[in-house]
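# Geometric and topological summary
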Amino acid sequence: MLHFLLQWNDMILIRRYGENTHLVIDRSAEQRNMRLLHSIGCGGALYAVLNNALAYQFIPGDTTDPTTICKPPIRELVAQEMAKLHSVDLSNNEGWCCH
């Protein structure tokens, strides 16, 4: 791993597709959704689409669990982000979500 050489804001994730995952995941929809999420501040930038992988921005964070997600500062932040996601107007963006 190279993370010790870089700052968090310099990191890029490269996710290789698993064998035959294209049979259950619409890669075009996945890329459109990643771009949409980034445009509303809910996801990292998509830097590159490769033959069998994606390269995108790493966003540092912590994993929640049933205890931490119920704590007041965390639950309010989760609610705010969920409200942001659910307020996106998709009426003029046919094809942004799943088919």
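Structural notes, computed from the coordinates. (Residues numbered from 1 in each chain as written. Predicted model: local features only at pLDDT ≥ 70, side-chain atom pairs only at ≥ 80, totals over all residues. Heavy atoms only, no water.)

Across its full length, the protein chain holds two helices and three strands. Along its sequence from the N terminus, the protein chain presents helices and strands in the succession β-α-β-β-α. Looking at the protein chain as a whole, 16% of its 99 residues qualify as buried. For the protein chain, the proportion of contacts with a sequence separation of at least 24, taken over those separated by at least 6, is 55%. Of the roughly 7800 Å² of accessible surface on the protein chain, a fraction of 59% belongs to carbon and sulfur atoms. (Helix = DSSP H or I, 4+ residues; strand = E, 2+ residues; numbered from the N terminus. Buried < 20%, exposed > 50% of the residue type's maximum accessible area, 1.4 Å probe, protein only. Contact = heavy atoms within 4.5 Å. Areas by Shrake-Rupley, 256 points an atom, 1.4 Å probe, with all protein chains shown as cover.)

A separate point is the side chain of R27. Structurally, R27 can be placed in helix α1 (residues 27-39). According to the relative accessible area criterion, R27 is buried, its value standing at 13%. For R27, the side chain forms a polar contact with the side chain of T21, separated by 2.4 Å. Excluding residues that lie within four positions of it along the chain, R27 makes contacts with R15, Y17, T21 and H22. (Polar contact = N/O pair within 3.5 Å; in protein donor to acceptor, adjacent residues only side chain to side chain.)

Before going further, it helps to examine the environment of E81. Here E81 shows up in helix α2 (residues 72-86). With relative accessibility at 34%, the residue E81 sits in the partly exposed group. Through-space distance from the C-alpha of E81 to that of G41 is 9.2 Å; in sequence the pair is 40 residues apart.

Shape is all these values report; function is a separate question.
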